[in-house]
Amino acid sequence: MIERAARGVWEFAVGDDWRVAFWVVVTIAATAAIAALGWPAWWLAPVATLAILRDSVRRGSRPISVEGTESD
Amino acid sequence: MSGAEASLAISVFLASAVEAVEAFTIILAVGSTRGWSSAYSGVAAASLVLACVVAILGPALTVLPIDVLRLLVGTLLLIFGLQWLRKAILRAGGVKAMHDEAAIYEREVAAAASSVGEEGLDSYAFAIAFKAVLLEGLEVAFIVVTLGANQDNVPLAAAAGALAVLFVLMVGLAARAPLSRVPENAMKFAVGVLLTSFGIFWGAEGAGVTWPGEEAALALLVGMVLLASWLMVYEVRSAQSELREVRG
């Protein structure tokens, strides 16, 4: 029961690709660090986000397989 | 209504409508196969749980200091938005199958018909309807609470969500069929773009960033994420067609 609930929370918050969540957290932390030094940091999150998305999409599209209908 | 409020309402409306269409398909299948009273009971129970989630979490989040709220919510929205966008890009690029409400409906009808019926409250119909509304609704509740709390306008977000659900219900009940013509992938694509843009904007702001142009930067972010996503769809489609040609 607890394991199923934990898996549900993980799937809800993190989704199919855990690397996306990991790199988003790293990006926000790096942005906070740069901003704390007083340097311009507004550019980092947009650039990093697009890089994260592209990486995830490329990994997701590697095998040529049309998956079955999903419920999500 | 300001631009930020309009973006909030549109994001919540689209996300709620997509999830409502998916829940409606399952409820329609279960209700028409097993009986409507148990399915409606499941819907009502799940709706009550979701209303409690929004009513408790919404005000609780607004108590947090604004920078902490934006950092937390921005990060979560960014992760959540990227999940939606990734799936929408892969679907539009032909890697993942499109969401097919008619096929899901047929599958749910077959599953409901193969299970033994019960007198009184049908536990199967109740559980399936409850689960459908709760699981689809939790994503909507999350979006309502986070977007609403960040703009200090949970009531507007909740109203946009409720309006979308009501709209889908009215159309669905009039059609008495799965809403397979709804452009779900396009709507998920749009929601993914909006959530990702909100996530970038608020996450960075919570991390201490001051955006050039302040709120106008949000519109530029939406345009940038949209353009980049379209390019990724094009890239995926090209790669897929090249692979198909290579494999004959």
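Residues numbered from 1 in each chain as written. Chains lettered and ligands numbered in written order. Predicted model: local features only at pLDDT ≥ 70, side-chain atom pairs only at ≥ 80, totals over all residues.

J.: Can you walk me through the overall build of chain A in this structure?
T.: The helix and strand tally for chain A stands at three helices and zero strands. Counting helices and strands in the order they occur from the N terminus, chain A gives α-α-α. For chain A, with 72 residues in total, the buried portion stands at 25%. (Helix = DSSP H or I, 4+ residues; strand = E, 2+ residues; numbered from the N terminus. Buried ≥ 20, exposed ≤ 12 C-beta atoms within 10 Å, placed from the backbone.)

J.: Please clarify how the overall build of chain B should be interpreted in this entry.
T.: A count of helical and extended segments in chain B gives eight helices and zero strands. When the helices and strands of chain B are listed from N to C terminus, the series reads α-α-α-α-α-α-α-α. Compactness check: chain B gives a C-alpha radius of gyration of 20 Å against a globular reference of 18 Å for 248 residues, within 12% of the reference. In terms of principal-axis extent, the alpha carbons of chain B reach across some 65 × 60 × 25 Å. When each of the 248 residues of chain B is scored for burial, the buried share is 50%. (Rg over C-alpha atoms; globule rule 2.2 N^0.38 Å.)

J.: How should the packing of helix α1 (residues 3–34) of chain B against helix α5 (residues 123–150) of chain B be read in this particular structure?
T.: Residue and element names in this part refer to chain B. The interhelical angle for the contact between α1 and α5, taken along N-to-C directions, is 180°, at an axis separation of 9 Å. Considered as vectors, α1 and α5 are oriented roughly antiparallel to each other. Of the residues that constitute the contact of α1 with α5, the class distribution is 17 nonpolar, three polar and five charged. (Axes fitted to C-alpha atoms, helices over the stretch in contact; angles between N-to-C directions. Parallel < 35°, antiparallel > 145°, perpendicular 65-115°, else oblique. Nonpolar A, V, L, I, M, F, W, Y, C, P; charged D, E, K, R; others polar.)

J.: Any chance you could explain the nonpolar core here in plain terms?
T.: Residues Val24(A), Val12(B), Ile27(B), Val30(B), Ala129(B) and Val144(B) are the most contacted members of the largest nonpolar core, which totals 92 residues. Among the elements that take part in this core, α1(B) stands out by supplying 17 residues, more than any other. Not counting residues up to four positions away in its chain, the partners in contact with Val24(A) are Ile52(A), Thr75(B), Leu78(B), Ile79(B) and Leu82(B). (Core = buried A, V, L, I, M, F, W, Y, C linked by C-beta atoms within 7 Å. Contact = placed C-beta atoms within 7 Å.)

J.: Whenever I open this one, the interface of chain B and chain A confuses me. Can you help?
T.: One widely used convention gives an interface's size as the accessible area the parts lose upon coming together. Listed as interface residues are 37 residues of chain B and, on the opposing side, 34 residues of chain A. Secondary-structure elements contributing two or more residues to the side of chain B that touches chain A are α3 (66–92), α4 (101–114), α7 (184–206) and α8 (216–246) of chain B. When residues in the side of chain B that touches chain A are grouped by element, the largest group, ten residues, is from α3(B). For the side of chain B that touches chain A, a count of residues per class yields 25 nonpolar, eight polar and four charged.

J.: Please explain the environment of Leu53(A) as it appears in this structure.
T.: Relative to the helices and strands, Leu53(A) is located in helix α3 (residues 44–60). A residue is classified by how many C-beta atoms lie within 10 Å of it, and Leu53(A), with 23 of them, is buried. Sequence-wise, Leu53(A) and Val25(A) are 28 residues apart; in three dimensions their C-alpha atoms are separated by 14 Å. With residues up to four places along the chain from it excluded, the contact list for Leu53(A) reads Leu82(B), Leu85(B), Arg86(B) and Met232(B).

J.: Can you help me understand the packing of helix α2 (residues 36–62) of chain B against α5(B) in this one?
T.: Describing two packed helices takes the angle between their axes plus the distance from one axis to the other. All names here are of chain B. Contact geometry for α2 and α5: axes closest at 8 Å, N-to-C directions at 20°. It follows that α2 is roughly parallel to α5 by the angle criterion. Every pair of crossing elements has a handedness; the one defined by α2 and α5 is right-handed. Tallied by class, residues from the contact of α2 with α5 come to 22 nonpolar, eight polar and no charged. (Left-handed = near helix turned anticlockwise from the far one by under 90°.)

J.: So what exactly am I meant to see when it comes to helix α1 (residues 2–13) of chain A here?
T.: Spacing of three or four residues puts side chains on the same side of an α-helix, whose turn is 3.6 residues. Residue and element names in this part refer to chain A. Compared with the 16 Å implied by 1.5 Å per residue over twelve residues, the 16 Å span of α1 between its first and last C-alpha is a close match. Of all twelve residues in α1, zero are buried, a share of ten percent or less. Where α1 ends, the next residue or the one after it, Gly 15, has phi of about 80°, a positive value. (Expected span 1.5 Å × (residues − 1).)

J.: What exactly am I supposed to notice about the environment of Arg244(B) here?
T.: Examined against the element boundaries, Arg244(B) turns out to sit in helix α8. Sequence separation between Arg244(B) and Leu78(B) is 166 residues, and the spatial gap between their C-alpha atoms is 33 Å.

J.: When you look at the confidence of the model for chain B in this model, what are you seeing that I'm missing?
T.: Segments scoring low in pLDDT should not have their predicted coordinates read at a detailed level. Of the residues in chain B, 98% have a pLDDT of 70 or more, and the chain-wide mean is 86. Interface confidence for the predicted complex, expressed as ipTM, amounts to 0.83; the pTM equals 0.82. (pLDDT = per-residue confidence, 0-100.)

J.: Sorry if this is basic, but what is going on with unusual backbone geometry here?
T.: A negative phi angle is the norm for most residues apart from glycine, just as the trans form is the norm for most peptide bonds. Residue and element names in this part refer to chain B. Residue Asp 152 is not a glycine yet carries a positive backbone phi of 55°. Here Asp 152 lies in the loop between α5 and α6 (154–175). On the basis of neighbour count, Asp 152 is assigned to the exposed category, with 11 C-beta atoms found within 10 Å. One non-glycine residue, Glu 214, lies in positive phi territory at about 50°. Relative to the helices and strands, Glu 214 is located in the loop between α7 and α8.

J.: Is there a simple way to explain α2(B) in this structure?
T.: Residue and element names in this part refer to chain B. When the terminal C-alpha atoms of α2 are compared, their 39 Å separation across 27 residues agrees well with the 39 Å that a helix rising 1.5 Å per residue should span. The set of residues buried in α2 consists of Ser 38, Ala 39, Gly 42, Val 43, Ala 46 and Val 54. For α2, the secondary structure elements touched by its buried residues are α1, α5 and α6.

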